[in-house]
Structure formats: C-alpha cells, structure tokens
Amino acid sequence: MKKIGFLSFGHWTPSAQSQTRSAADTLLQSIDLAVAAEELGADGAYFRVHHFARQLASPFPLLAAVGARTKRIEIGTAVIDMRYENPFYMVEDAGSADLIAGGRLQLGISRGSPEQVIDGWRYFGYQPGEGKSDADMGRQHAEVFLNLLRGEGFAQPNPRPMFPNPPGLLRLEPHSEGLRERIWWGASSDATAVWAARLGMNLQSSTLKNDETGEAFHIQQAKQIRAYRAAWKEAGHAREPRVSVSRSIFALVNDEDRLYFGRGGDGEDQIGFIDERTRAIFGRSYAAEPDVLIEQLKQDEAIAEADTLLLTVPNQLGVAYNAHVIETILTKIAPALGWR
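None of these values were measured; they are calculated from a predicted model.

> So, the sheet that holds strand β2 (residues 44-47): which residues are in play, and what are the values?
Taking strand neighbours around the barrel as the criterion, the 8 strands line up as β1-β2-β3-β4-β5-β6-β8-β13 in a closed arrangement whose pairing is parallel. Looking at each pair of strands side by side, their axes are set apart by 25 degrees on average, direction ignored. Sheet analysis places strand β5 (residues 183-186) next to strand β6 (residues 202-205), joined by 3 bridges and oriented parallel. Bridging from a neighbouring strand, Gly-186 pairs with Gln-204 of β6. Packing against the sheet, helix α2 (residues 60-69) makes contact with β2, β3 (74-81) and β4 (105-110), and its axis sits at approximately 175 degrees to β3. Docked against the sheet, helix α6 (residues 217-235) engages β6 and β8 (243-247), running at close to 165 degrees with respect to β8.

Below, the structure written as structure tokens:
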C-alpha cells in the first residue's frame, strides 16, 4: 500500500490558454482540487512554495483554508525554503493551521533551491553568519524550528502580564501536539538525507537530486532512500519514518490526455546545473497508455522504496482536468502495481 497525493506548484499566468490567470484563481482552485482529491480517495494535497514568482508562496493561509474545507486528506508542502523563514513565527503559523486541520499537516521544508531573484532571502531580512553559506542558514533555521515544535517553555514571563500565565517559562502558542513528527526534509543529496534522518525528519525526494554517481535517476534516488533508512535505524528513533517521491505521471485514456501529453513523457533523465558547482539529474516524466505505463513504473526503484507518491499536476489546466488525472492513476494504475 502507498499513500498517493498530488503536488501543485501553483502557477498562474495572464494567458488565454491558462485556467489560472491570477493569484486568486490559483489559490481558490488549489482548495477546490484538494476537496476533489479527497472525494476521489487520494491521500494528500501538497503545495510547492516559491518567492518572487507567479506561483504559490506563503503557504499557511492556503493550508488552513484546505484544512477547513476537508476532513481526511493530508495537507502539506513540498517544500518551504527555510532560508526565507523566521522559525518562531513559522511555529505559530504551523500550529494554527494544524489545529484547524485536526492534525493533518505534513510540512516539507528544505534549504531551498535557486530562486527567481539573486539571494532573495536577503530581501526578507536574512543573511548567513560569518563564514556560513545560505544553505547553512537554511539548515540552522530548520533546527531552530524543530526545537521550538517540541513545545518546551523557553521565554521568561513578564511579572506583570496583561493576562495570567501558566507557571514556568513560556512557549509559543498555539502548540499542536504531534506536529514535530510530521516534518519532512526535502533532500537533494545523500548527505542531507542522512542528516534529516538523524534529526528525526521524514524524507521528501523529488524529481531532482545531485548527480552523485552518474547512474539513472531512480537508482540514485533509491540509494538515497536506503541510506536515509539506515541512518534512521542507527539513530534509534522510536517511530517508523516516512518517505515520499514525486513524479509526473499521465495515463492516456482519452483524446484530451493525448492532446496534452500524447507525445509521451520525457523518456530519459536530464542533466543540468542548479548552480555553478552542483551537477543535478532530473528524473523522467511518464505519459503512456495504461498498460504501457504500468510496465514502465514497475521499473522505477525509488517509487518501490517510498511509502508515499506525490503526483505533480499541471494546475493551469484547471480543477476538473487535474481531478481526472488523479482519478485515472488511482483507479487504472495504482491497483495494478499493488499501490492500492
């Protein structure tokens, strides 16, 4: 069994070909798609976070709205760039959204990726410490965030408060019990996957990772997952970890599918550079008739290793079409592969 959800990047563009022509379109349709996905039996509604772009950005208002409109589905991010975040304020936002959702948040965080502007986190008021990189800063913000989520008091109370305080040092409120165990780290390298395991975070691995061995993407990703699980076991955590991978998968079952994706997926991995020093490998997309698609997906080692699969959806094609994409995977592909 696998949990199967969707991942939306939340694009919008003022184009006649787009069903999301404004930020309002994207936000409202994101809520509607989460409701539709829950009705179809999907397990998760996840959203990407990008700054300075015509995409979803500040996630917590959206997560809270989805939580208020749904009952069962997991609600998450993949991922929040921690270089931009105040961990203290984020704990309050996350606690509020999780309580509204009844404890269904699954927050993916990371050190971030190249953005639309140069060093965008500087505009948010952050800069790395002496001798540190922006990646170091992102991981440091993440560690502060994780510690605060434990809910332990740390702030000295005012002896003459406006309202009565509980005894002892004060923590941030509202506190959502259990959220600390529902934090995921988006790892692009094997080393950061191991680091996440040691800190007790779940693992999110997307369709991009550092090209560390020259092997096929799904093989490298599967090795990363196995290294993560070994580090988790060595750390001695009490619970079992969760691991997700994301994929672009389209089953061609009607003329509309063939119109959009009938030329097939990107059948080969792609190589590129996410910065001057980091060679990255980008995983292939899948698009084929169901019987062909099933055989292709059987060969994907990383999907086999993961317990959660996030389907990246083309949100600009509208709610109805994306619900169709999700339903087709749930009904025609997942059962044949033993995912359901």
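> Please give an account of a nonpolar patch on the surface that cites residues and values.
On the surface, a cluster of nonpolar side chains totalling about 360 Å² of accessible area is made up of Phe-52, Tyr-123 and Phe-124. Counting through the fold element by element, Tyr-123 comes out in the loop between β4 and α4 (134-148).

> Could you give an account of the pairing of β6, naming the residues involved and the relevant values?
Where burial is concerned, the two faces of β6 agree: the one with Asn-202 and Gln-204 and the one with Leu-203 and Ser-205 are both buried. Note on the crossover from β5 through helix α5 (residues 190-198) to β6: the handedness is right-handed.

> Report on the pattern of salt bridges, specifying residues and quantitative values.
Summed over all chains, the structure comprises 21 salt bridges. Between Arg-139 and Asp-136 there is a salt bridge whose closest N-O contact spans 3.3 Å. In this pair, Arg-139 and Asp-136 both sit in helix α4, 3 residues apart, roughly one turn of the helix. Judged by its relative accessible area of 29%, Asp-136 falls in the partly exposed class. Counted as one network, the salt bridges with shared partners bring together Lys-3, Glu-74, Arg-242 and Asp-307.

> Can you tell me about unusual backbone geometry, naming the residues and giving the values?
Cis rather than trans, the peptide bond between Ala-78 and Val-79 has omega equal to 5 degrees. Of note, Val-79 is situated in strand β3. Residues Glu-173 and Pro-174 are joined by a peptide bond in cis, for which omega reads 0 degrees. In this structure, Phe-52 takes a positive phi of about 60 degrees despite not being glycine.

> Residue-level account of the packing of helix α1 (residues 23-40) against α2, with values.
Put simply, α1 and α2 touch, their axes get as near as 9 Å, and they point 35 degrees apart. Viewed along their axes, α1 and α2 form a crossing whose handedness is right-handed. Every residue of α2 that contacts α1 at Leu-27, Ser-30, Ile-31, Asp-32, Ala-34 and Val-35 is listed here: Leu-62, Ala-65, Val-66 and Arg-69. Class assignment of the residues belonging to the contact of α1 with α2 gives a composition of 7 nonpolar, 1 polar and 2 charged.

> Can you explain the nonpolar core? Please cite residues and give values.
By size, the foremost hydrophobic cluster in this structure holds 72 residues, and its most contacted members are Ile-109 and Phe-145. When residues no more than four places from it in sequence are discounted, the contact partners of Ile-109 are Val-79, Ile-80, Met-82, Met-90, Ala-142, Phe-145, Ile-183, Trp-184, Trp-185, Gly-186 and Met-201.

> A description of the UniProt feature "domain: Luciferase-like" (unreviewed entry) in the chain should follow, citing residues and the corresponding values.
Those residues carrying the UniProt feature "domain: Luciferase-like" (unreviewed entry) are residues 9-256 in this numbering. Each end of residues 9-256 is marked by a C-alpha atom, and these two atoms are 22 Å apart; helix forms 35% of the span and strand 15%.

Conventions used here
- Residues numbered from 1 in each chain as written.
- Predicted model: local features only at pLDDT ≥ 70, side-chain atom pairs only at ≥ 80, totals over all residues.
- Heavy atoms only, no water.
- Pairing = 2+ DSSP bridges.
- Helix = DSSP H or I, 4+ residues; strand = E, 2+ residues; numbered from the N terminus.
- Axes fitted to C-alpha atoms, helices over the stretch in contact; angles between N-to-C directions.
- Contact = heavy atoms within 4.5 Å.
- Patch = residues over 30% accessible without salt bridge, like charges linked within 9 Å, V, L, I, M, F, W, Y side chains within 5 Å.
- Areas by Shrake-Rupley, 256 points an atom, 1.4 Å probe, with all protein chains shown as cover.
- Salt bridge = Lys/Arg side-chain N within 4 Å of Asp/Glu carboxyl O.
- Buried < 20%, exposed > 50% of the residue type's maximum accessible area, 1.4 Å probe, protein only.
- Right-handed = clockwise from strand over helix to strand, strands pointing away.
- Left-handed = near helix turned anticlockwise from the far one by under 90°.
- Nonpolar A, V, L, I, M, F, W, Y, C, P; charged D, E, K, R; others polar.
- Core = buried A, V, L, I, M, F, W, Y, C linked by side-chain atoms within 4.5 Å.
- UniProt positions renumbered as here; feature names shortened; annotations may be inferred.

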